[in-house]
Amino acid sequence: DIQMTQSPSSLSASVGDRVTIACRASHNISSSLKSYLNWYQQKPGKAPKVLISGASTLQSGVPSRFSGNGYNTDFNLTIGSLQPEDAATYYCQQSYSIPRTFGQGSEVKIK
Amino acid sequence: QVQLQESGPGLVKPSQTLSLTCSVSGGSISSGTYSWNWIRQSAGQGLEWLGRIYATGNTNYNSSLKSRVSISVDASKNQFSLKLTSVTAADTAVYYCAREEFTYGHSFDYWGPGTLVTVSS
């Protein structure tokens, strides 16, 4: 199984700050210039919502302050200017192989 | 707009079988290139993928569940179902059904709201 490791597990930042969450896969999850890495946002009591797929493709309706990058085993999710509504837990997930696996989550809190 | 909705008992006794159904609306479960998935989340824990099924009936499962899991599809009802046998307290979780798309990054693009299943006598 491919293990996904996120850092940090939790962070606290101010409105307007730039925030970056890292995700590392235990094996290469990229091939032919495509990366099989997705990012989700989950708020308490709600299902996860996909923000970014293919490492860098922003989903429809997701604010442009969210961005993703990375290749092979190392990926990042960046919130360009943190907003109060971004308080949530963020998960990375690999779709390169079965079983699909998720990172342990990174909780973003607003100071 | 595609919508998914989980249904089934919220309480299951230890050693019994957990059964859940996911009803899909706003689109046919048989159209497009998608898989239909079950994912669970224990209290305060992360997300665990349980398995998936295609409209053809082909399945993949998480081997960590040691053959306790099975997923079936009923295209005529636009539903797919999960069975998890020999449950223990460790199977207490919120269970989600989700659609996986294969156009972009193979992401889970639609989710049900989730249903809490408690395993207790």
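Predicted, not measured: the structure shown is a model, and the values here were computed from it. (Residues numbered from 1 in each chain as written. Chains lettered and ligands numbered in written order. Predicted model: local features only at pLDDT ≥ 70, side-chain atom pairs only at ≥ 80, totals over all residues. Heavy atoms only, no water.)

Draft legend 1. Broad picture of the overall build of chain A. What chain A contains, in helices and strands, is zero helices and 13 strands. Residue burial in chain A is summarised as follows: out of 111 residues, 47% are buried. Expressed as a percentage of contacts within chain A between residues at least 6 apart in sequence, the contacts between residues at least 24 apart total 57%. Entry remark: accessible area of chain A is about 4,900 Å², with carbon and sulfur atoms responsible for 47%. Here chain A contributes 10 positively and 6 negatively charged side chains, and the mean placements of these two sets differ by 4 Å. (Helix = DSSP H or I, 4+ residues; strand = E, 2+ residues; numbered from the N terminus. Buried < 20%, exposed > 50% of the residue type's maximum accessible area, 1.4 Å probe, protein only. Contact = heavy atoms within 4.5 Å. Areas by Shrake-Rupley, 256 points an atom, 1.4 Å probe, with all protein chains shown as cover. Lys, Arg positive; Asp, Glu negative; His and termini not counted. Charge placed at Lys NZ, Arg CZ, Asp CG, Glu CD.)

Draft legend 2. Region of the structure containing the sheet that holds strand β7 (residues 69–74) of chain B. All names here are of chain B. If you trace the four strands from one edge of the open sheet to the other, you get β1-β3-β8-β7, paired in antiparallel fashion. Whereas interior strands pair on both sides, the edge strands pair on one side only; in this sheet they are β1 (3–7) and β7. Averaged over all neighbouring strand pairs, the angle between strand axes comes to 20°, with direction disregarded. Sheet topology note: the strand β3 (residues 18–25)/strand β8 (residues 79–84) ladder contains six bridges and is antiparallel. (Pairing = 2+ DSSP bridges. Axes fitted to C-alpha atoms, helices over the stretch in contact; angles between N-to-C directions.)

Draft legend 3. Focus on the pairing of β7(B). Residues and elements named next belong to chain B. Inspection of the sheet shows β7 paired to β8 by six bridges, in the antiparallel sense. Each bridged residue has a counterpart across the sheet, and for V73 the counterpart in β8 is F80. What sits between the antiparallel neighbours β7 and β8 is a turn of four residues, in which N78 has the positive phi angle 55°.

Draft legend 4. Representation of the interface of chain B and chain A. Of the residues lining the interface, 23 residues belong to chain B; the matching set on chain A comes to 19 residues. Across the chain B to chain A interface the summed buried area is about 1,700 Å²; carbon plus sulfur atoms make up 58%. Summed over the shared surface of chain B and chain A, the number is one salt bridge. With a shortest N-O distance of 2.8 Å, R100(A) and E100(B) are connected by a salt bridge. Our count for the chain B to chain A interface comes out at seven residue pairs in polar contact (both at pLDDT 80 or more). Elements with a minimum of two residues in the side of chain B that touches chain A: β4 (34–41), β5 (47–53), β6 (59–61), β9 (93–101) and β10 (108–111) of chain B. When its residues are assigned to classes, the side of chain B that touches chain A shows nine nonpolar, 10 polar and four charged. (Buried area = accessible area lost by both parts, 1.4 Å probe. Salt bridge = Lys/Arg side-chain N within 4 Å of Asp/Glu carboxyl O. Polar contact = N/O pair within 3.5 Å; in protein donor to acceptor, adjacent residues only side chain to side chain. Nonpolar A, V, L, I, M, F, W, Y, C, P; charged D, E, K, R; others polar.)

Draft legend 5. View of the sheet that holds strand β3 (residues 19–25) of chain A. Residue and element names in this part refer to chain A. Read across the sheet, four strands follow the order β1-β3-β10-β9 without closing on themselves; strand pairing throughout is antiparallel. In this open sheet, the two strands that pair with only one neighbour each are β1 (4–7) and β9 (66–71). Each strand axis lies, on average, 20° off the axis of its neighbour in the sheet, ignoring direction. As defined by bridge partners, β3 adjoins strand β10 (residues 74–79) across six bridges and the pair is classed as antiparallel. By the bridge assignment, I21 is partnered in β10 with L77.

Draft legend 6. Structural view of the packing of aromatic side chains. All names here are of chain B. All chains considered together, the criterion is met by 12 aromatic pairs over all chains. Consider the rings of W36 and F80, whose centres lie 5.9 Å apart with planes at 50°: the pair is tilted. Of this pair, W36 sits in strand β4 while F80 sits in strand β8; the two residues are 44 residues apart in sequence, bridging distant segments of the chain. Both residues of the pair, W36 and F80, belong to the buried class. Plain terms: the ring middles of Y54 and F102 are 6.1 Å apart, the flat faces sit at 15° to each other, and that makes the pair stacked. (Phe/Tyr/Trp six-rings, centres within 6.5 Å; stacked < 30°, edge-to-face > 60°.)

Draft legend 7. Spatial organisation of unusual backbone geometry. That bond from S7(A) to P8(A) is cis: its omega, -5°, falls within 30 degrees of zero. Along the chain, P8(A) falls in the loop between β1 and β2 (10–13). A cis amide bond links I98(A) with the next residue in sequence, P99(A), at an omega value of 5°. In the Ramachandran plot, L33(A) falls in the positive-phi region, its phi being about 65° despite a non-glycine side chain. Along the chain, L33(A) turns up in the loop between β4 (30–31) and β5 (34–35). One non-glycine residue, S15(B), lies in positive phi territory at about 80°. Counting through the fold element by element, S15(B) comes out in the loop between β2 (11–12) and β3. Relative accessible area serves as the criterion here: at 57%, S15(B) is assigned to the exposed category.

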